[in-house]
Amino acid sequence: MRELTYNEAALEAVAEEMRRDSKIFYMSTDALPPLLNEFGPQRIKATPITEAAFTGIGIGAAGCGFRPIVDWRQVTFCFVAMDQIVNQAAKIHYMFGGQVTFPLLFRAAVGGGGLVAAQHSQSPYSMFMNVAGLKMFLPSTPYDMKGLLKTAIRDNNPVISFESSRLMGRKGPVPEEDYAIPLGQADVKREGRDVTVVALAWLVHEALAAAEALDKEGVSVEIVDPRSLVPLDAETICNSVRKTGRLVIADEAGPTAGFSAEIAAVVAEDAATFERLAAPVKRVCALQVPIPYSPVLENHVFPDRNRIIAGIREVLDAKGPARAV
Amino acid sequence: MSLSPNLPPDKQREMLHQMLMIRRFEERASADYLAGKIYGVVHCYIGEEAVAVGVCSTLKRDDRIISTHRGHGHCIAKGADLNRMMAELYGRQTGYCKGKGGSMHIADFDIGMLGANGIVAGGISIITGAGLAAQMEGKGGVAVSFFGDGASNAGPFHECLNIAAAWKLPMIYVCENNMYAAQTAAAVTHSLSDVAARAVGYGIPGVVVDGNDIFAVYQATNRAVERARAGEGPTLIECKTYRWRAHTERRGQPDPRDPAEIEAWKGRDPITRLERQLRDQGHLDDAGLRRMEADVMRVLEAAVTFAEASPFPLPEQATDDVFAA
């Protein structure tokens, strides 16, 4: 199968959908050249650097029958549009009694690794998961990127495509034919027996490397990539944990009230899964600090394959909750 | 009072009818709020009716508007159904938002009313998106943003005037300058006495009109609408007006304004002024006015009866419409 980068897969999804549906148009600061060349400035709009304004403009156009794509570039820049995201986009369909739909795609790069310090290395998806009315996903492969982005563009709700900065240039197989991946469907990236690792984006690849290393010691690691954050495929996660009895959660964001906390809660709340836990849940996350600049500091803050291995060893050695027999 | 534009007497009487409808609706909403039949918060527009009716009288059904937290007047002027409005205030299933919005969030997309909005300046970018939609639809539609003097100090006002001017969007920005942002006088928060003067900074026309003179509002808006339909871009219209009541209807709400100032503005009542002019021109007599008042009260009583007879939502409907299908 041919290979595309993560970034190329995203652009291909956008271009294919724009060819299919003339109601789709694109707004970002600086027009993306390949899209601009094909679709022209009427549909590929270069905006002033005013995320608050063009996020709201996207909402309004969506309510009038268009299907805007609002590209914030980096998630950092969407914070000036928080009123439009939280007070307007997330609530407007519900608050008006479901009168009209607001088909709207937001794109935002997340994560670190670029040595660009605190403002440009953020992974704030759990902030948005906390807001009812927004769907969102964070893919780990070019294949997932294209399939999820196509679904998101066809969805009749505001959807945020979180995209990993670290993975932009990473290649992977992407079929030529049309396909779409539903939101709310996790993917088991590797099957295993002894421990489940739930990981997102770049950490899926780190978890795969950790699994390879541990395989040599006879430890069988299962890796579940939720892909979609809202809706979340709790069933696939719980099924895996029921099988392995052990759970490590790897996330590039900090742990506090984060995605990792949500996964731990989902597993702990499900009686059939909780009773199969043979060890406490382990989270392998970024340190809860703003992301620092110097490589020595940045590397210290982010989790990687070594920390995932350490986390797996910890749950393999640990004892489960004491239970009455 | 401006001379009556070249409008048929029926249309002029209809404008008076709409202003009376707004006033009586809000008098009833206030009374029912204080009686505990309407919940949360109610913001009255009484005293400013000439702005909504003067502006909306220049629009077609397909043209779109957006409103503020003080939105009843804009809804009625754009042609909203009184029954569904009152039912929404009563929190009933038959309301515009199925009881999920209340006074601050009434919308009717079928008539181009894109919603009242509880965030000051929150609607300006959304309606600018409707202006972009109108431009892309290419059918000569326009979009009108209603907002107050308070919103004119917020970022979205400036960002959107700039984008609308740069993209020549068919927009009319109507600032209802009632001289107070909640309880704070505009004189304290504005560097210039005229909001319209800010238009110069964006290279668009800025017009100041007497917002209690419905024909002045109508004529200024008509020029702006013609300019917008012709593809020449946006206009900022500042309507100098005054709200007779406190910021909200809440009992004990502080109102720091000088009672003499309030009384002086009541002497410039936009309804009395139009009524007098129609009489002077022979377009209205005592019997005609009585019929008009009776008709307004009949429609209003029917709306209250409809609201009171309507069922409350079922509790479990709280989870409907978070996402569209």
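None of the values given here were measured: they were computed from a predicted structure. (Residues numbered from 1 in each chain as written. Chains lettered and ligands numbered in written order. Predicted model: local features only at pLDDT ≥ 70, side-chain atom pairs only at ≥ 80, totals over all residues.)

Caption draft 1: Highlighting the overall build of chain B. Scanning chain B from terminus to terminus reveals 11 helices and 7 strands. Taken over the C-alpha trace, chain B has a radius of gyration of 19 Å; the compact-globule value for 325 residues is 20 Å, and the two agree within 12%. In terms of overall dimensions, chain B has C-alpha extents of about 55 × 50 × 40 Å along its principal axes. Across the 325 residues in chain B, those meeting the buried criterion constitute 53%. (Helix = DSSP H or I, 4+ residues; strand = E, 2+ residues; numbered from the N terminus. Rg over C-alpha atoms; globule rule 2.2 N^0.38 Å. Buried ≥ 20, exposed ≤ 12 C-beta atoms within 10 Å, placed from the backbone.)

Caption draft 2: Quick look at helix α10 (residues 259-269) of chain A. Residue and element names in this part refer to chain A. By the burial criterion, the buried members of α10 are Phe-259, Ser-260, Ile-263 and Val-267. The arc that holds every buried residue of α10, seen down its axis, measures 105 degrees, which confines them to one face. Seen from the buried face of α10, the exposed residues on the opposite side, beyond 90 degrees, are Ala-265 and Glu-269. (Arc of directions from axis to C-beta.)

Caption draft 3: Structural view of unusual backbone geometry. The amide bond that connects A:Val230 to the next residue, A:Pro231, takes the cis arrangement and shows omega of -5 degrees. Among the secondary structure elements, A:Pro231 is positioned in the loop between β12 (228-230) and α9 (234-244). Its identity as a non-glycine residue notwithstanding, A:Ala117 has a phi of 70 degrees, on the positive side. Mapped onto the fold, A:Ala117 is located in the loop between β5 (104-110) and α6 (125-129). Residues other than glycine seldom take positive phi values, yet B:Met179 does so here, at roughly 75 degrees.

Caption draft 4: Expanded view of the interface of chain B and chain A. In this complex, chain B contributes 33 residues to the contact, which on the side of chain A involves 32 residues. For the side of chain B that touches chain A, the residue count by class is 19 nonpolar, 9 polar and 5 charged. (Contact = placed C-beta atoms within 7 Å. Nonpolar A, V, L, I, M, F, W, Y, C, P; charged D, E, K, R; others polar.)

Caption draft 5: Structural detail: the sheet that holds strand β11 (residues 221-225) of chain A. All names here are of chain A. Within the open sheet, the 5 strands sit side by side as β9-β11-β10-β13-β14. Their pairing is mixed. A strand with exactly one partner marks an edge of an open sheet, and here the two such strands are β9 (187-190) and β14 (282-285). Strand-to-strand, the axes of this sheet are offset by a mean angle of 25 degrees, without reference to chain direction. Direction of pairing for strand β13 (residues 247-251) relative to β14: parallel, over a ladder of 4 bridges. Following the sheet pairing, Ala-250 is matched in β14 by Val-284. Helix-sheet contacts for helix α13 (residues 305-317) involve β10 (195-199), β11, β13 and β14, and the interaxial angle to β14 is about 170 degrees. (Pairing = 2+ DSSP bridges. Axes fitted to C-alpha atoms, helices over the stretch in contact; angles between N-to-C directions.)

Caption draft 6: Molecular detail of the packing of helix α3 (residues 51-63) of chain A against helix α6 (residues 155-166) of chain B. Two elements in contact, α3(A) and α6(B), have axes whose closest approach is 9 Å; the angle formed by their N-to-C orientations is 75 degrees. Regarding the angle of α3(A) to α6(B), the classification is roughly perpendicular. Between α3(A), through A:Ala52, A:Ala53 and A:Gly56, and α6(B), the contact on the second element is made entirely by B:Gly155, B:Pro156, B:Glu159, B:Cys160 and B:Ile163. Tallied by class, the residues present in the contact of α3(A) with α6(B) amount to 5 nonpolar, 2 polar and 1 charged. (Parallel < 35°, antiparallel > 145°, perpendicular 65-115°, else oblique.)

Caption draft 7: Structural view of the environment of A:Val70. All names here are of chain A. Along the polypeptide, Val-70 turns up in strand β4 (residues 67-74). Take Val-70: there are 30 C-beta atoms within 10 Å of it, and that puts it in the buried class. Between the C-alpha atom of Val-70 and that of Leu-287, which follows or precedes it by 217 residues, the distance is 30 Å. The contact partners of Val-70, leaving out residues within four places of it in the chain, are Met-27, Phe-54, Thr-55, Gly-58, Leu-104 and Phe-106.

Caption draft 8: Structural view of the sheet that holds strand β7 (residues 158-164) of chain A. All names here are of chain A. Strand order in the open sheet formed by 7 strands is β3-β2-β4-β5-β7-β6-β12, with mixed pairing between adjacent strands. The open sheet has two free edges, formed respectively by β3 (44-46) and β12, since each of these has just one partner strand. On average, adjacent strands in this sheet sit at an angle of 20 degrees to one another, irrespective of strand direction. Of the pairings in the sheet, the one linking β5 to β7 comprises 7 bridges and is parallel in character. Counted as the bridge partner of Leu-105 is Val-159 from β7. The strands touched by α3 are β2 (24-28), β4 and β5; relative to β4, the strand with the most contacts, the crossing angle is about 160 degrees. Most of the contacts of helix α7 (residues 142-154) go to β7, to which it runs at about 160 degrees, and overall it touches β2, β4, β5, β6 (135-137) and β7.

Caption draft 9: Local environment of the domain arrangement of chain A. Residue and element names in this part refer to chain A. Here chain A is partitioned into domain 1 (3-173) and domain 2 (187-317). Contacts between the two partners involve 22 residues from domain 1, matched on the other side by 25 residues from domain 2. Elements that contribute at least two residues to the side of domain 1 that touches domain 2 include exactly α6, β6 and α7. The residue inventory of the side of domain 1 that touches domain 2, partitioned by class, reads 12 nonpolar, 7 polar and 3 charged. (Domains from an automatic or database assignment.)

Caption draft 10: Examining the nonpolar core more closely. Of all hydrophobic cores here, the largest spans 192 residues; its most connected members are A:Met136, A:Val197, A:Ala207, A:Val248, B:Ile172, B:Val174 and B:Val217. When residues of this core are assigned to domains, at least three fall in each of domain 1 (3-173) and domain 2 (187-317) of chain A. For A:Val197, the contacting residues outside a window of four places in its chain are A:Ala207, A:Val221, A:Ile223, A:Val248, A:Ala250 and A:Ile308. (Core = buried A, V, L, I, M, F, W, Y, C linked by C-beta atoms within 7 Å.)

Caption draft 11: Up close: the environment of B:Ser67. All names here are of chain B. Here Ser-67 shows up in the loop between β1 (64-66) and α3 (72-78). Residues Ser-67 and Leu-289, 222 residues apart in the sequence, show an inter-C-alpha distance of 29 Å. In this structure Ser-67 touches His-74, Cys-75, Gly-115, Ala-116, Asn-117, Gly-123 and Phe-146, once residues within four positions along its chain are discounted.

Caption draft 12: Quick look at the packing of helix α4 (residues 82-89) of chain B against helix α11 (residues 286-309) of chain B. Residues and elements named next belong to chain B. Where α4 contacts α11, the two axes come as close as 8 Å, and the packing angle between them is 45 degrees. Between α4 and α11, the angle is such that the two are oblique. Handedness of the α4/α11 crossing: right-handed. Taken together, the residues of α11 that come into contact with α4 (itself represented by Leu-82, Asn-83, Met-85, Met-86 and Ala-87) are Val-299, Leu-300, Ala-302, Ala-303, Val-304, Phe-306 and Ala-307. Grouping the constituent residues of the contact of α4 with α11 by class yields 11 nonpolar, 1 polar and no charged. (Left-handed = near helix turned anticlockwise from the far one by under 90°.)

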